[in-house]
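# An overview of the molecular structure
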Amino acid sequence: MSCCIGVTPDQAADFIGSPDALRREEFRASGVALDDDSVRYVLAAPAIHCAACIQTIERGLKRVQGVRSARVNFSTRRVMVEADAAMAEPFQIVETLEKLGYKAELFDLSGELTDGSAVTASLIRALVVAGFASANVMLLSVSVWSGADGTTRTLFLYLSALLAVPATLYAGQPFYRSAWSALRSGRLNMDVPIALAVLLTLGLSVYEATIGTGESWFDASVSLIFFLLIGRVLDHLMRERARGGVEQLTRLAAKGAMRIMPDGSTLYVPVDEIRPGMRLLVAVGERFAVDCRLADGTRTDVDRSMATGESLPVSVSAGAKVEAGAVNLTRSVEVEATADAGHSLVSEMVRLMEAAEQGKASYVRLADKLATLYAPLVHILAFSTFAGWMLVTQDWHAAIRAAVCVLIVTCPCALGLAVPIAQVVGASILMRRGILVRNGSAFERMAEVRQAVFDKTGTLTLPHLKLGAGGIDDAALAAAAGLASNSRHPLSQAVTALAAGRGVQPLSVTDVGEIAGAGIEGRIGDMAVRLGRRDFAAAVATGASARAAGEDEATLWFAGAGFALQPLAVEAELRPDAEATLREFQAGGITSHLLSGDTAASVEALRARLPIAAGHAFASMSPAAKVERIAALGREGGPVLFVGDGINDAPALGAAHVSMTPAAASDVGRANADFVFLNASLAGVIDAWKLSRAVVSFVKQNFAIAIAYNTIAIPLAMFGGVTPLIAAIAMSSSSIIVVGNTLRLRLRFPDPKALDVAAGAAAARQERPTTLEVPA
Amino acid sequence: MTNLLILIPIALGLGALGLCAFLWAYRSGQFEDLDGDAIRILQDDE
């Protein structure tokens, strides 16, 4: 299939080229031994995107000696491979996958075995059992209500009991357990009246069916459980999406390093065993495992975006400090560890993020706020009904029956559905507009926002580097592009992109060499040409250097024999709709701020172009400083929305009241944000904000409907006027009304025109060619 | 009445069969990769 052309052999070669000693060890360690003498490995391959990918990978991997089975999970973009435990070199699996053109990320199975999916499975089993039982009991009940009598009626009642009793006991377990743990710690939650109502109803029904009047409530007890479980499953699925932020970040940290022993040999050491003073070898493409200092006589370029969020690599030389998590780009270097793993930047960020997640866990959701009022009220009503009937009639049976009726009609079916259904409808509307919601309570938190804080690079501006068109002529650009095509430095790629954009054919360059921290040089015929820092390039320039406007901002220079020194200015390109988005926030009474790890000058320059008040822009922020600033803003001016994309933004994304990130962001960023927008345009932020406010207002409407229904039904139940038939009708109709009301959200937010969706998708593809998938 | 004695067990049995079929399918991982299955059905077998 043609769509597979997206993954070029060139890209694949890039990964094969990097020294794999470290990954080899890590991959071997990631396997899980199975009973039948085989080992299971799981790899994440985000580039999987079509039917042909599945076939290519599965066939390719099965041909590897020792591989027993290979299966691609298309939904999660993962490959599960089972290989013989005796397989000599399991890393062949990774190599084969990468030769096929799919970058493989190692996947630690131990982190995957969380209890989340087990809970989902047990909830779904409970739901289908309750659904089966309630449908059948309802059929039997209908014939009882419509006048079956004699033995038929008795038979139907016993059959109902046979279905309802085990089903209610089994499917209601989530509620009983939660109610029991609440009671044991001396609290009341929504599940206490639910459990009480279900179990009392069941008990009463069994009594009535066997020795009582024959007016049984089996259908009520099972369908209560069924409706409540629908709400519970939806709610759980929304919560499940929110997991996994911290795990992502720990995976970013290197798991070990190659240690240089005193005798000069190298040995793999796990990251925990690295001590300050050890000498380590860091190859090109590897991450620095711990904070360290470059050894004498070495220099290289490193990508420090993990700490600063800036995509431009930084050149470092002997003695310079590099923090853990930075990526070594141009040359293998020897370094001396200055800290152990527990004190590195990555572990500091993990701590920050864990703290942030705990802060969020204490957020009280609307439904829980209501529950703290509702649960005691229900108990008081049921108890006073019982007491009242006892006083007036002295009839145990009638009093219990009336009290159970009160519990049944007050059972929060509609309340239990009110929140999850609004969240699910809201999430599906946003999905069609290219926004993913990762967390159910995100809507509530988004609706409360009073301030918006934006990151600069990659958020207000587009993530890729762009070079200004002016300043360089076509002939020089052709030579520069020829040089640049030999390097994978992000700036070089920007030069090739600029040449392609202008339709300039790159010249062929020979003897190309990359000088770390300076630039690239090469020869065209016998003319030396250089691309890089100003002083580096100027050394080979001939003729007067062109002094173009704005050249001081240029970070890249080109020169050569026969070419004057010419600048290539790096431009930050604003995201489409950035200004409109900020204006909308302004109109909505929301204050905007700008936070960046970049220098004060470039932050101020961007602020001036946007409707952000002076004094609301903060430069040179470290990840920890961002978290502090957001907390301070939150204390002063109300809940904060943070929009950011970098790895360095991850703790801040977790710390803000609610957060949002573009799909092109780092995986950690996406795992920590509440919303992820796929389009290049920043307008998604406004969409999410407006929809969140609508979702919350619909939730409140739903609560109002449910409560209105209760104010009618409760007096009826208290005075004994509720028959099983009335209870069944009232219960299902209130749930249906709540669902129907929420579907009106769709009308308020019609799908954008098909054209817009296509344009948005195209933009998103451009931004991030391979992965749009959100980590599960 | 005799009709009911035959029909009701049949109705309940069919329902229970469906329930068991779903539980089996869920447990054996048939809902784990819905997107992938949609694609695989179009592939030729080797």
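Residues numbered from 1 in each chain as written. Chains lettered and ligands numbered in written order. Predicted model: local features only at pLDDT ≥ 70, side-chain atom pairs only at ≥ 80, totals over all residues. Heavy atoms only, no water.

### Remarks on the interface of chain B and chain A
Under the convention used in this document: The contact criterion used is simple: two residues touch if any of their non-hydrogen atoms lie within 4.5 Å. Buried area, as used here, totals the accessible surface that two parts lose on assembly, with accessibility defined by a 1.4 Å probe and the loss added over both. The rule for a salt bridge is simple: a side-chain nitrogen of Lys or Arg has to be within 4 Å of a carboxyl oxygen of Asp or Glu. Under the scheme used here, helices are H or I runs from DSSP no shorter than 4 residues and strands are E runs no shorter than 2 residues, and both carry numbers assigned from the N terminus.
Contacts between chain B and chain A engage 23 residues on the former and 23 residues on the latter. Summed over both sides, the interface between chain B and chain A buries roughly 2000 Å², with carbon and sulfur atoms accounting for 67% of that surface. The largest contributions to the chain B side of the interface with chain A come from L12, Y26 and R40 of chain B, which together make up 27% of the buried area. The interface formed by chain B and chain A includes two salt bridges. The salt bridge involving R71 of chain A is made with D37 of chain B; its shortest N-O contact spans 3.9 Å. The set of elements that each furnish at least two residues to the side of chain B that touches chain A consists of α1 (2–27) and α2 (34–40) of chain B.

### Digging into the nonpolar core
All names here are of chain A. Inclusion rule: Nine residue types can take part in a nonpolar core, namely buried Ala, Val, Leu, Ile, Met, Phe, Trp, Tyr and Cys, and a core is a set of them joined through side-chain atoms within 4.5 Å. Exposure categories follow from relative accessible area, calculated using a 1.4 Å probe and restricted to protein chains: below 20% of the type maximum is buried, above 50% is exposed, and the middle band is partly exposed.
Ranked by internal contacts, the top residues of the largest apolar core, which has 97 residues, are L229, F443, M446, F585, L641, M660 and F675. Among the elements that line this core, the one with the most residues is helix α27 (residues 683–718), at 16 residues. Ignoring sequence-local partners within four residues, the contact set of M446 consists of L641, V658, M660, F675, V685, A688, W689 and S692. Of all hydrophobic cores here, the second largest spans 31 residues; its members include A45, A51, F74 and L97.

### Thoughts on the environment of L498 of chain A
Structurally, the position occupied by L498 of chain A is in helix α20 (residues 490–502). It is 10.0 Å that separates the C-alpha atoms of L498 of chain A and L568 of chain A, two residues lying 70 residues apart in sequence.

### Regarding the packing of aromatic side chains
All names here are of chain A. Note the following rule: Ring pairs shown here join Phe, Tyr and Trp side chains whose ring centres sit within 6.5 Å, with only the six-membered ring taken for Trp; geometry is labelled stacked below 30 degrees between planes, edge-to-face above 60, and tilted in between. Only lysine NZ and arginine CZ atoms are considered, and such an atom sits over a ring when it is within 6 Å of the ring centre and within 35 degrees of the ring normal.
Going through the model one piece at a time under the given rule, you end up with eight aromatic pairs over all chains. When the ring of F226 is compared with that of F227, the centres are 6.2 Å apart and the planes differ by 45°; the resulting orientation is tilted. On the accessibility criterion, F227 (16% relative accessible area) is buried. Seen from their ring centres, F443 and F675 are 6.0 Å apart, and the 75° between their planes marks the pair as edge-to-face. Here the residue F443 occupies a position in helix α17 (residues 442–447), and F675 occupies one in strand β28 (residues 675–677), the gap between them amounting to 232 residues. As far as burial versus exposure is concerned, F443 and F675 are alike and both buried. Among the aromatic residues, those joined into a cluster by ring pairs are F454, F585 and W689. Between the NZ or CZ atom of R629 and the centre of the ring of F618, over which it lies, the distance is 4.2 Å.

### With respect to unusual backbone geometry
All names here are of chain A. We note that D37 has phi near 60°; this positive angle belongs to a residue other than glycine. Within the secondary structure, D37 sits in the loop between β1 (32–33) and β2 (38–44). Taking the relative accessible area as the measure of exposure, D37 reaches 57% and is therefore exposed. Phi at Q394 takes a positive value of approximately 55°, unusual for a residue other than glycine. Structurally, Q394 can be placed in the loop between α14 (366–393) and α15 (396–410). Residue Q394 is classed as exposed on the basis of its relative accessible area of 60%.

### Here we look at helix α19 (residues 474–484) of chain A
Of all 11 residues in α19 of chain A, nine are buried, a share of seventy percent or more. Within the sequence span of α19 of chain A, burial applies to A476, L477, A478, A479, A480, A481, G482, L483 and A484 of chain A.

### Things to note about the packing of α27 of chain A against helix α28 (residues 724–748) of chain A
All names here are of chain A. Which entries qualify depends on this criterion: Working convention: axes come from line fits to C-alpha atoms, limited for helices to the stretch in contact. Angles between N-to-C directions cover 0 to 180 degrees. Should an angle fall under 35 degrees it is taken as roughly parallel, and over 145 as roughly antiparallel, whereas 65 to 115 is taken as roughly perpendicular and any remaining angle as oblique. In this scheme the crossing of two helices becomes right-handed for a clockwise turn of the near helix relative to the far one and left-handed for an anticlockwise turn of less than a right angle. Ten residues, namely Ala, Val, Leu, Ile, Met, Phe, Trp, Tyr, Cys and Pro, are considered nonpolar, four, namely Asp, Glu, Lys and Arg, are considered charged, and the remaining ones, Gly among them, are considered polar.
Taken N-terminus to C-terminus, the directions of α27 and α28 make an angle of 160°; their axes are 10 Å apart at the nearest point. In terms of axis orientation, α27 runs roughly antiparallel to α28. Crossing geometry of α27 relative to α28 is assigned as right-handed. Contacts between α27 and α28 involve A694, V695, F698, Q701, N702, I705 and Y709 from the first element and A730, M731, S734, I737, V738, N741, T742, R744, L745 and R748 from the second. When grouped by side-chain class, the residues that make up the contact of α27 with α28 number 10 nonpolar, five polar and two charged.

### A closer look at the environment of S146 of chain A
Residue and element names in this part refer to chain A. Threshold: N or O atoms closer than or at 3.5 Å make up a polar contact, with two conditions inside protein: a donor-capable atom paired with an acceptor-capable one, and, for residues adjacent in sequence, both atoms drawn from side chains.
If you trace the backbone, S146 turns up in the loop between α6 (116–145) and α7 (150–171). A relative accessible area of 61% places S146 in the exposed class. In sequence terms S146 and L725 are 579 residues apart; their C-alpha atoms lie 10.0 Å from each other. One polar contact links the side chain of S146 to the main-chain carbonyl oxygen of S143, over a distance of 3.3 Å.

### Quick word on the sheet that holds strand β27 (residues 658–662) of chain A
Strand-to-strand pairing in sheets goes through backbone hydrogen bonds, with the strands running parallel or antiparallel. The condition that has to hold: For two strands to be treated as a pair, DSSP must find at least two bridges joining them.
Pairing is mixed in the open sheet, where seven strands are placed in the order β15-β28-β27-β26-β16-β24-β25 (chain A). On the outer flanks of this sheet lie β15 (435–437) and β25 (617–618) of chain A, each paired with one strand and no other.

### Observations regarding the sheet that holds strand β9 (residues 292–294) of chain A
Residues and elements named next belong to chain A. Strands sit in the order β7-β6-β8-β14-β9-β12 across an open sheet of six strands; the sheet is antiparallel. Edge positions in the sheet fall to β7 (266–270) and β12 (321–322), since each has one partner strand and no second. Note that β9 and β12 share two bridges and pair antiparallel. Paired with C292 across the bridge in β12 is V322.

### Thoughts on the pairing of strand β14 (residues 333–337) of chain A
Two faces make up the sheet, and in a regular strand the side chains alternate between them. Residue and element names in this part refer to chain A. Every second residue of β14 is oriented toward a common face, the buried set being V333, V335 and A337 and the non-buried set E334 and E336. As judged from the four bridges shared by strand β8 (residues 279–282) and β14, these two strands associate in the antiparallel manner. The partner of R279 across the bridge, within β14, is E336. Two elements, β9 and β14, share three bridges in a ladder whose sense is antiparallel. Paired with L294 across the bridge in β14 is V335.

### Some points on the environment of R523 of chain A
When you line up the elements, R523 of chain A lands in strand β19 (residues 519–524). Among all residues touching R523 of chain A, those that are not within four sequence positions of it are S508, V509, T510, D511, A528 and V529 of chain A.

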